[in-house]
Amino acid sequence: MENNNLTLKGKIILEGNIKLLTGMHIGGTKETLKIGGTDNPVIKDAFDNILIPGSSLKGKIRSLLEKKDGLYKHEKNSYIPCDCGECYICKIFGPHKSDNIKEPTRVIVRDAYLIPKEGKKQYEHLEVKAENIIDRVKGTAQHPRFTERVVKDSEFKFEVVFNVYKKDDIDLIKKFIEGMRLLEDDYLGGSGSRGYGKIKFESLKIVNKPKEYYEGKMKEVEPIPAKDLDDLIKKLNEIWNY
Ligand SMILES: [Zn+2]
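Residues numbered from 1 in each chain as written. Predicted model: local features only at pLDDT ≥ 70, side-chain atom pairs only at ≥ 80, totals over all residues. Heavy atoms only, no water.

### Notes on the pattern of salt bridges
Inference 1: Inspection of every chain in the model, using the stated rule, returns 19 salt bridges.
Inference 2: Between R106 and E103 there is a salt bridge; the shortest N-O distance is 2.8 Å. In this structure, R106 and E103 share a single accessibility class: buried.
Inference 3: For R181, the salt bridge identified is with D230, shortest N-O distance 2.5 Å. With R181 in helix 3 (residues 169-184) and D230 in helix 5 (residues 229-239), the pair connects residues that are 49 residues apart, well separated along the chain.
Inference 4: The network of salt bridges with common partners includes K68, D69, K175 and E178. (Salt bridge = Lys/Arg side-chain N within 4 Å of Asp/Glu carboxyl O. Buried < 20%, exposed > 50% of the residue type's maximum accessible area, 1.4 Å probe, protein only. Helix = DSSP H or I, 4+ residues; strand = E, 2+ residues; numbered from the N terminus.)

### Some remarks on the confidence of the model for the protein chain
Caution applies to low-pLDDT parts of the model: their predicted coordinates are not meant to be read in detail.
Inference 1: When pLDDT is averaged along the protein chain, the result is 89, and 94% of the positions lie at 70 or above.
Inference 2: Per-residue pLDDT, averaged within each element of the protein chain, yields its smallest value for strand 8 (residues 141-150) (82) and its largest for strand 9 (residues 155-164) (98). (pLDDT = per-residue confidence, 0-100.)

### Quick notes on helix 1 (residues 54-69)
Inference 1: Here helix 1 spans 23 Å end to end across 16 residues, near enough to the 22 Å set by a 1.5 Å rise per residue.
Inference 2: When we look at burial in helix 1, the residues that qualify are G54, L57, K60, I61, R62, L64, L65 and E66.
Inference 3: One or two residues past the end of helix 1 sits G70, with phi positive at roughly 65°. (Expected span 1.5 Å × (residues − 1).)

### Some remarks on the nonpolar core
Burial of nonpolar side chains together is a common tendency in soluble globular proteins.
Inference 1: By size, the foremost hydrophobic cluster in this structure holds 50 residues, and its most contacted members are I12, F156 and F176.
Inference 2: Considering each element in turn, this core owes the most residues, 7 residues, to helix 3. (Core = buried A, V, L, I, M, F, W, Y, C linked by side-chain atoms within 4.5 Å.)

### Things to note about the coordination of the zinc ion
Inference 1: The coordination sphere of the zinc ion contains the protein donors C82 (SG), C84 (SG), C87 (SG) and C90 (SG), at a distance range of 2.3 to 2.4 Å.
Inference 2: One can describe the site at the zinc ion as tetrahedral: its 4 donor atoms subtend angles covering 104 to 113° at the metal.
Inference 3: Sequence spacing of the donor residues for the zinc ion, all on one chain, is C-x1-C-x2-C-x2-C.
Inference 4: Classification of C84 by relative accessible area gives partly exposed; the value is 30%. (Donors = N, O, S within 2.8 Å, 3.2 Å for Na, K, Ca; no water. Tetrahedral: all angles 85-135°; square planar, octahedral: opposite > 155°, others 65-115°.)

### A short note on the pairing of strand 10 (residues 199-210)
Inference 1: In the sheet, strand 1 (residues 10-20) pairs with strand 10 via 10 bridges, with the strands oriented antiparallel. Looking at strand 10, one finds that K11 is bridged to K209.
Inference 2: Note: strand 10 against strand 11 (residues 224-226), 3 bridges, orientation antiparallel. In the strand pairing of strand 11, L204 is matched with A226. (Pairing = 2+ DSSP bridges.)

### Looking at the packing of aromatic side chains
Inference 1: The final tally for this structure, using the stated rule, is 6 aromatic pairs.
Inference 2: With a centroid separation of 5.3 Å and an interplanar angle of 80°, the aromatic rings of F162 and F176 are classed as edge-to-face. Here F162 is found in strand 9, whereas its partner F176 is found in helix 3, with 14 residues between them in sequence.
Inference 3: Through a chain of ring-to-ring contacts, three or more aromatic side chains come together here, namely F93, F162 and F176.
Inference 4: The aromatic ring of Y187 is capped on one face by K60, whose charged end is 3.8 Å from the ring centroid. (Phe/Tyr/Trp six-rings, centres within 6.5 Å; stacked < 30°, edge-to-face > 60°. Lys NZ or Arg CZ within 6 Å of the ring centre and 35° of its normal.)

This is the structure we're talking about:
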């Protein structure tokens, strides 16, 4: 008789850098406007380290894939993430409502922290951009708003962990990489239609850790470098032994 209990076969970890090709804004908590300050700050942790929350990265990739494949519900003028528990979106990211879990969620997206450039402090990676609404008749600027952005060319270190349960989970990882490709031609954070948040995935690496690694039966595994997202898929095919 076949055993229906899913057991973990191993973990595939994708690592690399997220490089900003244009300034990015992911909003944090509003601060009171002070002179030379901003009313729309970038999110930072309790120690003022700039980061891209894992939830932002995961949510964006999920919604790009859901829109591409029509796997969302449309209710009251908004997109509702899928909660069927059976489609590839639900298997990778987990169903939107947790009472529909049929299989364990495959992906963990870590917070991506800024890598400060040599000799630079965290705050030296920030700029304040003024945005106005121009009155079409009078030609005057109204409601100036000061938005903090992480400057272009800044880099963040990202890590995505896939729990592998089945042989065809490779297709789920490839779907996620497809979402990363969509993201490179979309944007991360706010005001993307005004040019913010264009990113590129760089310095990619893939790490294969079968369950024997966690059982102490094999030594440290070497990360395998990949040139770009296409190459990442190629390397994934080469190492897949589940
Ligand atoms: Zn679903």
